[in-house]
Amino acid sequence: KLEALVTLIAAGGDRVEDVRVLAEDKGLEKLLGAPFPSPDALLDFLGDFHDPQCWAERPPAKKAWVAPESAGLRALEAVNRAVVERGAERGVTQATIDHDGTIIEAHKREATVAYEGTRGFQPLVAVWAEQQLIVADEFRDGNVAGGEDPLRSVQRAFANLPPWVGERRFRADSAAYYAPLLKYLVREKIGFAISADMTKELRACCRAVADQRWARLDTREREEVDLAEVEFTPGDWPRDARPLRYLALRFTPRQQELFESKGVSYHAVVTNRHELDAAALVRWHRQKAGTIEHVHRVMKDELGAGVLPSTRFGANAAWFRINALTFNVLTVLKRRALPERFREARRKRLRYEL
(Lines give C-alpha, C1' and ligand atoms only; values in the text may rest on other atoms or scores of the structure.)
Protein backbone atom coordinates (compact mmCIF):
# COMPACT_ATOMS: atom_id res chain seq x y z
CA LYS A 1 0.00 0.00 0.00
CA LEU A 2 2.88 2.36 0.76
CA GLU A 3 4.46 1.53 -2.62
CA ALA A 4 1.11 2.20 -4.29
CA LEU A 5 0.85 5.64 -2.66
CA VAL A 6 4.45 6.56 -3.56
CA THR A 7 3.78 5.48 -7.17
CA LEU A 8 0.53 7.45 -7.22
CA ILE A 9 2.12 10.66 -5.91
CA ALA A 10 5.17 10.33 -8.17
CA ALA A 11 2.87 9.92 -11.17
CA GLY A 12 1.06 13.18 -10.37
CA GLY A 13 -1.93 12.01 -8.37
CA ASP A 14 -2.88 14.24 -5.46
CA ARG A 15 -5.97 12.34 -4.26
CA VAL A 16 -6.32 8.73 -3.19
CA GLU A 17 -9.14 8.28 -5.73
CA ASP A 18 -6.61 8.93 -8.52
CA VAL A 19 -5.28 5.40 -7.99
CA ARG A 20 -8.16 4.22 -10.19
CA VAL A 21 -6.33 5.70 -13.19
CA LEU A 22 -3.19 3.69 -12.45
CA ALA A 23 -5.23 0.56 -11.74
CA GLU A 24 -6.56 0.63 -15.31
CA ASP A 25 -3.02 0.29 -16.72
CA LYS A 26 -2.52 -3.47 -17.03
CA GLY A 27 1.07 -3.05 -18.24
CA LEU A 28 1.96 -1.12 -15.09
CA GLU A 29 0.24 -3.75 -12.97
CA LYS A 30 2.36 -6.44 -14.64
CA LEU A 31 5.56 -4.46 -14.01
CA LEU A 32 4.72 -4.05 -10.33
CA GLY A 33 3.68 -7.66 -9.93
CA ALA A 34 0.39 -6.95 -8.18
CA PRO A 35 -2.86 -5.02 -8.71
CA PHE A 36 -3.26 -1.59 -7.11
CA PRO A 37 -5.25 -1.41 -3.85
CA SER A 38 -8.65 0.24 -4.01
CA PRO A 39 -9.08 3.87 -2.86
CA ASP A 40 -11.00 2.61 0.21
CA ALA A 41 -8.14 0.27 1.13
CA LEU A 42 -5.64 3.14 0.86
CA LEU A 43 -7.83 5.45 2.96
CA ASP A 44 -8.09 2.72 5.62
CA PHE A 45 -4.31 2.34 5.49
CA LEU A 46 -3.83 6.08 6.09
CA GLY A 47 -6.47 6.02 8.83
CA ASP A 48 -4.48 3.42 10.76
CA PHE A 49 -1.78 6.06 11.39
CA HIS A 50 -4.24 8.07 13.52
CA ASP A 51 -4.12 7.14 17.20
CA PRO A 52 -6.59 9.07 19.43
CA GLN A 53 -4.45 8.19 22.46
CA CYS A 54 -1.79 10.60 21.20
CA TRP A 55 -4.18 13.45 22.02
CA ALA A 56 -5.07 12.20 25.51
CA GLU A 57 -2.11 14.03 27.09
CA ARG A 58 -3.17 17.42 25.75
CA PRO A 59 -3.28 20.06 28.53
CA PRO A 60 -6.91 21.23 28.88
CA ALA A 61 -6.12 24.95 28.58
CA LYS A 62 -3.60 24.70 25.75
CA LYS A 63 -5.06 25.46 22.32
CA ALA A 64 -1.82 25.23 20.30
CA TRP A 65 -0.15 21.91 21.02
CA VAL A 66 2.18 19.46 19.24
CA ALA A 67 0.88 15.94 19.77
CA PRO A 68 3.27 12.98 20.09
CA GLU A 69 3.40 10.73 17.03
CA SER A 70 1.71 7.36 16.77
CA ALA A 71 3.74 4.17 16.47
CA GLY A 72 2.79 3.98 12.79
CA LEU A 73 4.11 7.48 12.06
CA ARG A 74 7.37 6.67 13.85
CA ALA A 75 7.72 3.50 11.75
CA LEU A 76 7.10 5.53 8.60
CA GLU A 77 9.88 7.90 9.70
CA ALA A 78 12.19 4.88 10.05
CA VAL A 79 11.42 3.95 6.42
CA ASN A 80 12.38 7.45 5.30
CA ARG A 81 15.54 7.34 7.42
CA ALA A 82 16.57 4.16 5.60
CA VAL A 83 15.93 5.81 2.22
CA VAL A 84 18.09 8.80 3.24
CA GLU A 85 20.95 6.56 4.41
CA ARG A 86 20.86 4.32 1.33
CA GLY A 87 20.28 7.15 -1.13
CA ALA A 88 22.81 9.72 0.13
CA GLU A 89 26.22 9.97 -1.48
CA ARG A 90 28.80 8.61 0.95
CA GLY A 91 31.45 11.06 -0.17
CA VAL A 92 29.41 13.95 1.26
CA THR A 93 30.33 14.15 4.96
CA GLN A 94 28.89 17.61 5.61
CA ALA A 95 25.21 18.17 6.34
CA THR A 96 23.57 21.59 6.41
CA ILE A 97 20.03 21.27 7.73
CA ASP A 98 17.62 23.94 6.44
CA HIS A 99 14.54 24.07 8.64
CA ASP A 100 11.24 25.88 8.13
CA GLY A 101 7.47 25.49 8.26
CA THR A 102 4.87 25.81 5.53
CA ILE A 103 1.11 26.38 5.60
CA ILE A 104 -1.20 23.90 3.88
CA GLU A 105 -4.64 25.37 3.33
CA ALA A 106 -7.53 23.10 4.32
CA HIS A 107 -11.21 23.80 4.89
CA LYS A 108 -11.95 20.74 6.95
CA ARG A 109 -13.88 21.29 10.18
CA GLU A 110 -10.90 20.21 12.32
CA ALA A 111 -8.43 22.61 10.65
CA THR A 112 -7.30 25.58 12.76
CA VAL A 113 -6.37 29.12 11.72
CA ALA A 114 -2.69 29.92 11.11
CA TYR A 115 -0.98 33.21 11.98
CA GLU A 116 -1.73 34.84 8.61
CA GLY A 117 -5.41 33.94 8.62
CA THR A 118 -5.38 30.75 6.54
CA ARG A 119 -7.27 27.75 7.92
CA GLY A 120 -5.23 24.56 7.65
CA PHE A 121 -2.05 22.91 8.95
CA GLN A 122 1.53 24.09 9.45
CA PRO A 123 4.09 21.24 9.26
CA LEU A 124 7.82 21.69 9.83
CA VAL A 125 10.31 20.27 7.32
CA ALA A 126 14.08 19.73 7.63
CA VAL A 127 16.13 19.35 4.43
CA TRP A 128 19.72 18.12 4.03
CA ALA A 129 20.78 20.92 1.68
CA GLU A 130 23.84 19.26 0.12
CA GLN A 131 21.83 16.14 -0.80
CA GLN A 132 18.36 17.64 -1.39
CA LEU A 133 16.83 15.02 0.89
CA ILE A 134 14.11 15.55 3.49
CA VAL A 135 15.46 14.10 6.74
CA ALA A 136 12.56 14.98 9.04
CA ASP A 137 9.06 16.45 9.08
CA GLU A 138 6.63 17.25 11.88
CA PHE A 139 2.95 17.66 11.04
CA ARG A 140 1.23 20.38 13.10
CA ASP A 141 -2.10 22.12 13.44
CA GLY A 142 -2.35 25.46 11.70
CA ASN A 143 -2.47 27.40 14.97
CA VAL A 144 0.87 25.96 16.17
CA ALA A 145 3.46 28.60 15.33
CA GLY A 146 6.85 27.61 13.98
CA GLY A 147 8.44 29.00 17.14
CA GLU A 148 6.44 26.62 19.34
CA ASP A 149 9.19 24.23 20.49
CA PRO A 150 11.12 23.67 17.23
CA LEU A 151 13.86 21.85 19.22
CA ARG A 152 12.26 18.40 18.96
CA SER A 153 11.97 18.65 15.19
CA VAL A 154 15.59 19.81 14.81
CA GLN A 155 16.92 17.05 17.08
CA ARG A 156 15.10 14.43 15.00
CA ALA A 157 16.57 15.87 11.82
CA PHE A 158 20.15 15.51 13.06
CA ALA A 159 19.41 12.07 14.54
CA ASN A 160 18.20 10.89 11.10
CA LEU A 161 21.48 11.76 9.36
CA PRO A 162 23.69 8.82 8.27
CA PRO A 163 26.50 7.89 10.68
CA TRP A 164 29.27 8.99 8.31
CA VAL A 165 28.24 12.67 8.47
CA GLY A 166 30.93 14.45 10.48
CA GLU A 167 30.31 18.19 10.04
CA ARG A 168 26.84 19.47 10.90
CA ARG A 169 25.37 22.91 10.26
CA PHE A 170 21.95 24.55 10.59
CA ARG A 171 20.06 27.46 8.99
CA ALA A 172 16.59 28.80 9.77
CA ASP A 173 14.44 31.90 10.07
CA SER A 174 13.30 33.60 13.27
CA ALA A 175 10.88 30.77 14.19
CA ALA A 176 14.01 28.87 15.30
CA TYR A 177 15.20 31.76 17.49
CA TYR A 178 14.36 29.71 20.56
CA ALA A 179 16.72 29.68 23.56
CA PRO A 180 16.67 25.87 24.18
CA LEU A 181 17.42 25.30 20.49
CA LEU A 182 20.31 27.80 20.47
CA LYS A 183 21.79 26.13 23.56
CA TYR A 184 21.42 22.67 21.97
CA LEU A 185 23.23 23.78 18.79
CA VAL A 186 26.08 25.34 20.79
CA ARG A 187 26.38 22.29 23.04
CA GLU A 188 26.47 19.91 20.04
CA LYS A 189 29.03 22.13 18.22
CA ILE A 190 26.67 22.60 15.26
CA GLY A 191 27.50 25.75 13.30
CA PHE A 192 24.33 27.77 12.73
CA ALA A 193 22.87 31.00 11.37
CA ILE A 194 19.34 31.94 12.46
CA SER A 195 17.30 35.10 11.93
CA ALA A 196 16.96 36.80 15.31
CA ASP A 197 13.76 38.24 16.75
CA MET A 198 14.01 42.02 16.42
CA THR A 199 13.23 42.80 20.05
CA LYS A 200 13.12 46.32 21.42
CA GLU A 201 16.56 45.82 23.00
CA LEU A 202 18.14 44.42 19.83
CA ARG A 203 16.64 47.21 17.71
CA ALA A 204 18.14 49.77 20.09
CA CYS A 205 21.57 48.13 19.62
CA CYS A 206 21.19 48.35 15.85
CA ARG A 207 20.17 52.00 15.95
CA ALA A 208 23.13 52.83 18.20
CA VAL A 209 25.69 51.66 15.61
CA ALA A 210 27.68 54.62 14.28
CA ASP A 211 27.38 55.34 10.54
CA GLN A 212 31.06 54.63 9.86
CA ARG A 213 30.70 51.08 11.22
CA TRP A 214 28.11 50.08 8.61
CA ALA A 215 29.51 48.40 5.47
CA ARG A 216 27.59 48.16 2.18
CA LEU A 217 26.36 44.63 1.49
CA ASP A 218 23.90 45.10 -1.40
CA THR A 219 22.56 47.88 -3.58
CA ARG A 220 19.12 46.91 -4.82
CA GLU A 221 16.62 48.63 -7.07
CA ARG A 222 14.57 50.01 -4.18
CA GLU A 223 16.90 49.87 -1.18
CA GLU A 224 20.45 49.73 0.08
CA VAL A 225 21.52 47.06 2.54
CA ASP A 226 24.29 47.72 5.05
CA LEU A 227 25.89 45.29 7.49
CA ALA A 228 27.47 45.69 10.92
CA GLU A 229 28.29 43.50 13.91
CA VAL A 230 26.63 44.40 17.20
CA GLU A 231 27.26 43.32 20.76
CA PHE A 232 24.11 41.76 22.13
CA THR A 233 23.35 39.01 24.63
CA PRO A 234 19.88 37.42 25.02
CA GLY A 235 18.47 37.76 28.50
CA ASP A 236 18.68 34.06 29.41
CA TRP A 237 22.04 33.30 27.80
CA PRO A 238 24.45 31.69 30.35
CA ARG A 239 27.06 34.15 31.63
CA ASP A 240 29.84 31.56 31.40
CA ALA A 241 29.01 30.62 27.77
CA ARG A 242 30.84 32.03 24.77
CA PRO A 243 28.91 35.05 23.44
CA LEU A 244 26.93 34.56 20.27
CA ARG A 245 27.70 36.69 17.24
CA TYR A 246 24.97 39.10 16.09
CA LEU A 247 25.04 40.57 12.57
CA ALA A 248 22.77 43.55 11.98
CA LEU A 249 21.34 44.43 8.57
CA ARG A 250 20.07 47.96 7.83
CA PHE A 251 17.64 48.46 4.94
CA THR A 252 17.47 52.04 3.66
CA PRO A 253 14.96 52.93 0.89
CA ARG A 254 16.60 54.57 -2.12
CA GLN A 255 13.38 56.36 -3.08
CA GLN A 256 10.20 56.91 -1.07
CA GLU A 257 6.91 55.48 -2.28
CA LEU A 258 4.45 58.00 -3.69
CA PHE A 259 1.85 57.74 -0.93
CA GLU A 260 3.84 55.93 1.75
CA SER A 261 6.89 57.04 3.67
CA LYS A 262 8.96 53.97 4.51
CA GLY A 263 11.85 54.52 6.88
CA VAL A 264 14.95 52.55 7.75
CA SER A 265 14.31 48.98 8.92
CA TYR A 266 16.56 46.42 10.62
CA HIS A 267 17.09 42.68 10.52
CA ALA A 268 19.57 40.51 12.45
CA VAL A 269 21.22 37.11 12.16
CA VAL A 270 22.64 35.24 15.15
CA THR A 271 25.40 32.68 14.73
CA ASN A 272 28.11 30.75 16.55
CA ARG A 273 30.34 30.64 13.46
CA HIS A 274 33.40 32.88 13.85
CA GLU A 275 35.51 31.57 10.96
CA LEU A 276 33.58 33.47 8.24
CA ASP A 277 33.49 37.22 7.72
CA ALA A 278 30.13 38.89 8.25
CA ALA A 279 29.19 39.30 4.57
CA ALA A 280 30.00 35.66 3.70
CA LEU A 281 27.99 34.44 6.68
CA VAL A 282 24.89 36.47 5.74
CA ARG A 283 25.07 35.16 2.19
CA TRP A 284 25.45 31.59 3.48
CA HIS A 285 22.35 32.10 5.63
CA ARG A 286 20.37 33.41 2.64
CA GLN A 287 21.08 30.25 0.64
CA LYS A 288 18.40 28.39 2.61
CA ALA A 289 15.76 30.12 0.49
CA GLY A 290 16.96 28.07 -2.48
CA THR A 291 16.57 24.76 -0.65
CA ILE A 292 13.79 24.68 1.94
CA GLU A 293 11.43 27.01 0.07
CA HIS A 294 12.00 25.03 -3.13
CA VAL A 295 11.12 21.82 -1.27
CA HIS A 296 7.91 23.34 0.12
CA ARG A 297 6.89 24.45 -3.39
CA VAL A 298 7.58 21.02 -4.93
CA MET A 299 5.81 19.17 -2.11
CA LYS A 300 2.63 21.24 -2.42
CA ASP A 301 2.52 22.09 -6.14
CA GLU A 302 4.23 19.17 -7.91
CA LEU A 303 3.50 16.33 -5.50
CA GLY A 304 0.37 15.75 -3.39
CA ALA A 305 1.10 17.44 -0.06
CA GLY A 306 -1.10 20.43 -0.87
CA VAL A 307 -4.30 18.33 -0.82
CA LEU A 308 -4.97 16.50 2.44
CA PRO A 309 -7.11 13.34 2.25
CA SER A 310 -8.80 13.04 5.64
CA THR A 311 -10.45 14.70 8.63
CA ARG A 312 -8.17 12.66 10.92
CA PHE A 313 -4.93 14.34 11.96
CA GLY A 314 -2.81 11.17 11.92
CA ALA A 315 -3.97 10.22 8.42
CA ASN A 316 -3.02 13.67 7.11
CA ALA A 317 0.34 13.45 8.93
CA ALA A 318 0.99 10.10 7.22
CA TRP A 319 0.01 11.49 3.81
CA PHE A 320 2.42 14.42 4.28
CA ARG A 321 5.24 12.08 5.35
CA ILE A 322 4.61 9.79 2.37
CA ASN A 323 4.92 12.85 0.13
CA ALA A 324 8.29 13.58 1.77
CA LEU A 325 9.28 9.97 1.17
CA THR A 326 8.24 10.29 -2.49
CA PHE A 327 10.30 13.47 -2.81
CA ASN A 328 13.34 11.52 -1.59
CA VAL A 329 12.68 8.49 -3.81
CA LEU A 330 12.55 10.78 -6.85
CA THR A 331 15.75 12.55 -5.77
CA VAL A 332 17.56 9.21 -5.53
CA LEU A 333 16.01 8.07 -8.82
CA LYS A 334 17.47 11.13 -10.60
CA ARG A 335 20.86 10.58 -8.98
CA ARG A 336 21.15 6.83 -9.46
CA ALA A 337 19.03 5.72 -12.42
CA LEU A 338 18.59 8.57 -14.90
CA PRO A 339 20.95 10.36 -17.30
CA GLU A 340 22.94 13.31 -15.95
CA ARG A 341 20.70 15.85 -17.68
CA PHE A 342 17.88 14.90 -15.28
CA ARG A 343 19.86 15.52 -12.09
CA GLU A 344 18.27 18.92 -11.44
CA ALA A 345 14.97 18.21 -13.22
CA ARG A 346 11.74 19.19 -11.50
CA ARG A 347 9.24 16.44 -10.67
CA LYS A 348 6.75 17.58 -13.30
CA ARG A 349 9.59 17.49 -15.87
CA LEU A 350 10.22 13.83 -15.04
CA ARG A 351 6.54 13.06 -15.60
CA TYR A 352 6.55 14.87 -18.93
CA GLU A 353 9.61 12.91 -20.10
CA LEU A 354 8.03 9.64 -19.01
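Given the structure is predicted, the values throughout are model-derived calculations rather than measurements. (Residues numbered from 1 in each chain as written. Predicted model: local features only at pLDDT ≥ 70, side-chain atom pairs only at ≥ 80, totals over all residues. Heavy atoms only, no water.)

Novice: Which parts of the structure should I look at to understand the overall build of the protein chain?
Specialist: From N to C terminus, the protein chain includes twelve helices and twelve strands. A compact globule built from 354 residues should have a C-alpha radius of gyration of about 20 Å, and the protein chain, at 22 Å, falls within 12% of that. Viewed in the frame of its principal axes, the protein chain has a C-alpha envelope of about 70 × 55 × 50 Å. A burial count over the protein chain gives 48% of its 354 residues as buried. Carbon and sulfur atoms make up 49% of the accessible area of the protein chain, which totals about 18100 Å². With 55 positive and 52 negative side-chain charges, the protein chain shows a separation of 2 Å between the mean positions of the two kinds. (Helix = DSSP H or I, 4+ residues; strand = E, 2+ residues; numbered from the N terminus. Rg over C-alpha atoms; globule rule 2.2 N^0.38 Å. Buried < 20%, exposed > 50% of the residue type's maximum accessible area, 1.4 Å probe, protein only. Areas by Shrake-Rupley, 256 points an atom, 1.4 Å probe, with all protein chains shown as cover. Lys, Arg positive; Asp, Glu negative; His and termini not counted. Charge placed at Lys NZ, Arg CZ, Asp CG, Glu CD.)

Novice: What should I look at first to understand empty space enclosed by the protein in this one?
Specialist: The gaps left among the atoms become clear once a water-sized probe is rolled over them. Counted under the stated rule, the structure contains two cavities of 30 Å³ or more. In this model, the largest cavity occupies a volume close to 130 Å³. Forming the walls of the largest cavity are 17 residues, and the residues nearest its centre are Pro68, Glu69, Ser70, Leu73 and Phe313. Considering every element that reaches the lining of the largest cavity, the biggest residue donor is helix α11 (residues 313-336), with three residues. Within the lining of the largest cavity, the residues separate by chemical class into ten nonpolar, three polar and four charged. (1 Å grid on protein atoms, 1.4 Å probe; cavity = no way out; pocket = protein on both sides within 12 Å on 5 of 7 lines; lining within 4 Å. Points joined across faces, edges and corners; volume = space filled by probe spheres on them. Nonpolar A, V, L, I, M, F, W, Y, C, P; charged D, E, K, R; others polar.)

Novice: Would you take a moment to explain the side chain of Asp98 for this structure?
Specialist: Relative to the assigned elements, Asp98 resides in strand β1 (residues 94-101). Polar side-chain contacts of Asp98 include one of 2.7 Å to the side chain of Arg171. In this structure the side chain of Asp98 is engaged in a polar contact, spanning 2.3 Å, whose partner is the side chain of Thr291. For Asp98, the residues in contact, after removing those within four places along its chain, are Val125, Ala126, Val127, Ala129, Arg171, Lys288, Thr291 and Ile292. (Polar contact = N/O pair within 3.5 Å; in protein donor to acceptor, adjacent residues only side chain to side chain. Contact = heavy atoms within 4.5 Å.)

Novice: How do you make sense of the packing of aromatic side chains when you look at a structure like this?
Specialist: Here the distance between the centres and the angle between the planes together describe a pair of aromatic rings. Summed over all chains, the structure comprises ten aromatic pairs. Ring geometry for Trp55 versus Phe313: centroids 4.9 Å apart, planes at 85 degrees, classification edge-to-face. Of this pair, Trp55 sits in the loop between α4 (39-47) and α5 (71-87) while Phe313 sits in helix α11, and the two are 258 residues apart along the sequence. Trp55 sits in the partly exposed class, given a relative accessible area of 22%. Pairing Phe158 with Phe170 gives two aromatic rings, centres 6.4 Å apart and planes at 50 degrees, and the pair type is tilted. Of the two residues, Phe158 sits in helix α6 (residues 151-159) while Phe170 sits in strand β7 (residues 167-172), which places them twelve residues apart along the sequence. (Phe/Tyr/Trp six-rings, centres within 6.5 Å; stacked < 30°, edge-to-face > 60°.)

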